[in-house]
Amino acid sequence: METIKRKLPVFFIILTLTLSIVLMIPGMLFAQEDEATEEEIVEPEPEELIFDTKLPKLQAKDGETFTFNFDVAYKAGDEPFGIEEGKSEKTFDITVDYPAGWIAAVASGSTEAPAINLKFNSRESLRLMAIPLVQQEPGEYELKATFKSAVEGDTLEGSIEFTAVITATYEISLTTKTGRLSTELTSGKDNHYKLILENKSSKSVENISLSSTEPEGWQVSFDKEKIESIEAGEKIEIDVTINPPEKTIAGDYMMTFRASSENSNDNIELRVTVETPTIWGIVGIGIIVVVIIGVAVIFARLGRR
Amino acid sequence: MRSILTVYRKELTDHFSSNKFLVLLALIYIAGLSSTYVALQNIRESASGLSKHVFLYLFTTGGDVLPSFITFIIFFIPIIGIIFGFDAINSEKNSGNLSRVLSQPIYRDSVINGKFLAGITTLSIIITSIVFIISGIGLFSIGVPPTSEEILRIFFFIFICIFYGGFWMGLSILFSVIMEKTAASILTAIAIWIFLMFFLPIIANAIANAVVSPESASVADQVRNYTIEHSISRISPSTLFTEAIVILLVPVGGHLLFRPLLEAEVSQMILNPLSIGQSLIQVWPQLVVIVALAIICFAISYIIFMRQEIRST
Amino acid sequence: MSDNNNIIIAKDLSKKYNEHLVVDNLNLAIKKGEIFGLLGPNGAGKSTVILMALGLTEPSSGSINVAGFNSTREPLKVKRITGYLPEKVGFYDDMTAKGNLAYTSELNNIPYRETPKKIDEVLEIVGLSKNKNQLVKTFSKGMKQRLGIADVLIKDPQLVIFDEPTEGLDLKVANQILQTILDLNKQKNITFLLSSHQLNLMQRVCPRVGILSRGKLIGEGNVENLGRNLFGGGKYRIELELEKVTGEIIEKLKKLDKVVNVNKVDNQLQVVCDKDIRQDISRLITDEGILMTRMNMKQDALEEIYLKYFKEE
Ligand SMILES: Nc1ncnc2c1ncn2[C@@H]1O[C@H](COP(=O)(O)OP(=O)(O)O)[C@@H](O)[C@H]1O
Ligand SMILES: [Mg+2]
């Protein structure tokens, strides 16, 4: 109920209430008639559990939680909802069948529900939560929730089946060898830098291409432009050669390295500091010093102070 | 000839001992250093990518608050020229030194030549030293050495600056020769500077707009308007100087800033940097006029001074 | 008047400023080793003559030679041997006495090594040795004048031209300066040309003077004899103011005994004579039946010169 309430806009609730009142009036009228014809015993319709779900099949990566939403209704024949009889409420035990390595349970609201009271002719929204506990091969896994009357001798029972599809997970990650996301470069030179490509997925990943975004005019190359295949869990060291042009202004620049395969990719941002080549630093300071000394000497020689 | 050197040395000593020199030097250095600071802040955006002339951006890049070095230079060079020239002759006359000096066995032109040379030397030292200091700071901070072409451009820039300063110095020396009072000569020189630098462009604009309406949609009219305005403002050496140094220091497109550009032209233009030879050809007329003006101003002062009777009263 | 004995020779020297004759056909010779006083009221043209002597201004006609060199054509040679102290002598205020003298020394091409000795020597002569390293701006007027003398002595001149050497000085200082001039003349045998409007001061040092009035040299020689020369000889001058002056009366006056000359100056008659003949004159005038309004006699030529030429300006 809560979920519905939460999901429906207020006016919908009002509409439902109004509708049910409108529908109840003839029902009450009939009930009066029934009372009047109490003698006529109507053969009771067989009770049944009706399940309803919109998404019986869900797909997710290994390790993720599957949540199946479904409704269950406890009713008999086409008896209209809302009419209470002697057997107005019944408790059902819920059992969930799941494959090995999984855990699954039905939950109502936020709590796990091993059993549930269902009112006659009412509808309840429930969830089946399933989590693969250990690594699962990609594929389809059947889950089944069975509702069984807790009343002794009552054979009323119903079940709903779900399929959890585990897709293959391809996860590659790009990191730097040092772990730091910054480095220093010298312009006009081939600077080598090591990246680590790791396959974090359960299967090998094929056809990974490496690319980069760098400031205009920079030359970046990888020792392997394409990686044919990387086994699950494998780490590959990639040597990047970065050549900022001779005329690169010293300072900080951002670079992005990207590893991408058909079904997975990762990128890493690197802050590179282009340093003034030592020689130019020295020459620069040298010029300043010479000029200042020069002006000072002119002052000393020519000034009358 | 020796007497020129004697006068020259004494004048240099005077300049280097004077407070006006210290004030000017401090002013130029502060302007140069602060504009370099701003340039270094903004040079990455200006000198994007594959620019071949990164080093020159040190001089041409400005910021929101402070202008570029060349803007300061356009402003300060006339001031230096005027300050070192306006009292060259009349203050010597008024102090009674000129008669005494001219009674020594020297040619009269030694005095004016020595003074002019000393002024130019002082100006050159100021300009050259700050340009070199900026270059040193630039080299140190951006780590990009200038190409030989850039070095040439910088030297030509210094050269033009010196001649431009020489023009203003010649002009103010002229006033110092023909005017008795130093206050009169400095005010006249500054008035002319203000007129040429600030008012002439306004007047040029007004005249151009009076002749050809600026609202005219016709491209020909707009070009005509621009041409008139531009021709008038080119009377001012300050316009010529600005053009010369911009063309010289902005090899990519600098030369396009001073002529009307038609959209059709622009769309077909590939903005490649001019070679130094091309840049020099572009600035040649400006350069010649500036050098000629400097020489003419000095020559007039020279002739008048040579014929002038120097009385000590 | 042989050229060998004369250091300055002016021949028919004239100077016009805008058709205004400032120096009028001047002929003058100044002997080597003498102290010559060029006297005359302000505006008489003394400074102009001096400027022409130094080649600092050109004569309109005539010539002036100094030590055999034409001042107009060979001014450098003239200036090499001539020291000139202008009317309002000025020094570089921010330099020391020594610095100023060193500059003069350098302008005179005096070898660098000899300069310090030379400076000490000339400062000693003028008594400024103590103030050698003092800035000139702290000097009094008299000290500056003495420094001026030191300045001209640096070049070991044969001739020193001194324009208004005592102008603006108090009597004591003026006398000191004049004494120095006398000493220098005696010890170093330097010829002096002093120009002044202070006749009484000058007559003490100048054995020979020239009186300049409105550009004309109206008298030359010993101050005592000057009156005689000026007014055509005669020791006495008797001035008459008559009701009317006729040529006849002048002729008659001239024929009187002891009369040297009769000048007609304005409405006055001046009778130059060797004896007091006032009685004779008044008798003659009365006999002619002319009314005499005034008659007085002057004996002192100097005072007369002073009154006549110096006071009227
Ligand atoms: N540059 C000049 N232009 C016109 N007149 C001048 C000039 N210089 C001097 N004079 C005139 O020449 C006359 C003589 O001046 P100056 O030689 O200075 O006289 P002094 O030195 O005897 O006082 C003065 O009447 C003066 O007004
Ligand atoms: Mg004078």
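Just so we're clear, the structure is a prediction, and the values are computed from it rather than from any experiment.

Draft legend 1. Looking closely at the interface of chain B and chain C. The partner chain C presents 29 residues to the 26 residues of chain B that form the contact. Between chain B and chain C we count 2 salt bridges in total. We note a salt bridge from Arg9(B) to Glu106(C), for which the minimum N-O separation is 2.4 Å. Viewed at the interface, chain C and chain B are joined by 19 residue pairs in polar contact (both at pLDDT 80 or more). Secondary-structure elements contributing two or more residues to the side of chain B that touches chain C are helix H1 (2–17), helix H5 (90–95) and helix H6 (97–102) of chain B. Top element by residues in the side of chain B that touches chain C is H1(B). It accounts for 6 residues. Here the residues of the side of chain B that touches chain C are counted per class, giving 7 nonpolar, 11 polar and 8 charged.

Draft legend 2. Molecular detail of the interface of chain B and chain A. The interface is formed by 35 residues belonging to chain B together with 28 residues belonging to chain A. Among the residues of chain B in contact with chain A, Phe16(B), Arg44(B) and Phe140(B) are the three that bury the most area, contributing 22% of the side total. Inspection of the region where chain B meets chain A yields 0 salt bridges. Across the contact surface, chain B and chain A share 1 residue pair in polar contact (both at pLDDT 80 or more).

Draft legend 3. Quick peek at the site of ligand 1. In the vicinity of ligand 1, the contacting residues are Glu309(B), Arg311(B), Tyr17(C), Val22(C), Pro41(C), Asn42(C), Gly43(C), Ala44(C), Gly45(C), Lys46(C), Ser47(C) and Thr48(C). Here an oxygen atom of ligand 1 and a side-chain polar atom of Ser47(C) are 2.5 Å apart. The fraction of the free accessible surface of ligand 1 (560 Å²) that becomes covered by protein chains is 67%. Among the elements that take part in the shell around ligand 1, helix H1 (residues 46–53) of chain C stands out by supplying 3 residues, more than any other. Residue classes in the shell around ligand 1 are distributed as 4 nonpolar, 5 polar and 3 charged.

Draft legend 4. Fine view of unusual backbone geometry. Backbone geometry places Asn207(A), a non-glycine residue, at a positive phi of 55°. Its location among the elements puts Asn207(A) in strand S14 (residues 205–213).

Draft legend 5. Local environment of the environment of Lys258(C). Residue and element names in this part refer to chain C. By secondary structure assignment, the location of Lys-258 is in the loop between helix H9 (247–255) and strand S12 (259–265). Counting along the chain gives 135 residues from Lys-258 to Leu-123, while the straight-line C-alpha distance between them is 55 Å. Beyond its immediate sequence surroundings of up to four residues, Lys-258 is in contact with Val-272, Cys-273, Asp-274, Lys-275 and Ile-277.

Draft legend 6. Summary view of the domain arrangement of chain A. For chain A, the assigned domains are domain 1 (47–167) and domain 2 (172–280). In this structure, domain 1 of chain A and domain 2 of chain A have C-alpha centres spaced 50 Å apart.

Draft legend 7. Here's a closer look at the coordination of the magnesium ion (ligand 2). Residue and element names in this part refer to chain C. Each protein donor to the magnesium ion (ligand 2) is listed here as Ser-47 (OG) and Glu-87 (OE); together their distances run 2.0 to 2.6 Å. Residue Ser-47 is located in helix H1, and its partner Glu-87 is located in the loop between strand S6 (82–85) and helix H3 (97–107); the two are separated by 40 residues in the primary sequence. Judged by its relative accessible area of 13%, Ser-47 is buried.

Draft legend 8. Broad picture of the packing of aromatic side chains. All names here are of chain B. As enumerated under the stated definition, the model contains 32 aromatic pairs over all chains in all. For the pair Phe-75 and Trp-193, a centre-to-centre distance of 5.4 Å together with 65° between the ring planes defines the contact as edge-to-face. Residue Phe-75 is found in helix H4 (residues 69–83), and its partner Trp-193 is found in helix H9 (residues 182–211); the two are separated by 118 residues along the sequence. Its relative accessible area of 7% is what places Trp-193 among the buried residues. When the ring of Tyr-164 is compared with that of Phe-241, the centres are 4.0 Å apart and the planes differ by 5°; the resulting orientation is stacked. Here Tyr-164, found in helix H8 (residues 148–178), pairs with Phe-241, found in helix H11 (residues 237–249); they are 77 residues apart in sequence, far enough to count as distant. Pair check on accessibility: Tyr-164 and Phe-241 agree, each one buried.

Draft legend 9. Here's a closer look at the sheet that holds strand S3 (residues 35–39) of chain C. Residues and elements named next belong to chain C. Within the open sheet, the 6 strands sit side by side as S6-S7-S8-S3-S9-S10. Their pairing is mixed. Pairing within the sheet leaves two strands with one partner each, and these edge strands are S6 and strand S10 (216–221). Across the sheet, the axes of successive neighbouring strands diverge by a mean angle of 15°, strand direction being ignored. Inspection of the sheet shows S6 paired to strand S7 (residues 159–163) by 4 bridges, in the parallel sense. Bridging from a neighbouring strand, Gly-83 pairs with Val-160 of S7. Where helix H6 (residues 171–188) meets the sheet, its contacts fall on S3, S7 and strand S8 (191–196), and the angle it forms with S8 comes to roughly 155°.

How each quantity is defined
- Residues numbered from 1 in each chain as written.
- Chains lettered and ligands numbered in written order.
- Predicted model: local features only at pLDDT ≥ 70, side-chain atom pairs only at ≥ 80, totals over all residues.
- Heavy atoms only, no water.
- Contact = heavy atoms within 4.5 Å.
- Salt bridge = Lys/Arg side-chain N within 4 Å of Asp/Glu carboxyl O.
- Polar contact = N/O pair within 3.5 Å; in protein donor to acceptor, adjacent residues only side chain to side chain.
- Helix = DSSP H or I, 4+ residues; strand = E, 2+ residues; numbered from the N terminus.
- Nonpolar A, V, L, I, M, F, W, Y, C, P; charged D, E, K, R; others polar.
- Buried area = accessible area lost by both parts, 1.4 Å probe.
- Near = heavy atom within 4 Å.
- Areas by Shrake-Rupley, 256 points an atom, 1.4 Å probe, with all protein chains shown as cover.
- Domains from an automatic or database assignment.
- Donors = N, O, S within 2.8 Å, 3.2 Å for Na, K, Ca; no water.
- Buried < 20%, exposed > 50% of the residue type's maximum accessible area, 1.4 Å probe, protein only.
- Phe/Tyr/Trp six-rings, centres within 6.5 Å; stacked < 30°, edge-to-face > 60°.
- Pairing = 2+ DSSP bridges.
- Axes fitted to C-alpha atoms, helices over the stretch in contact; angles between N-to-C directions.

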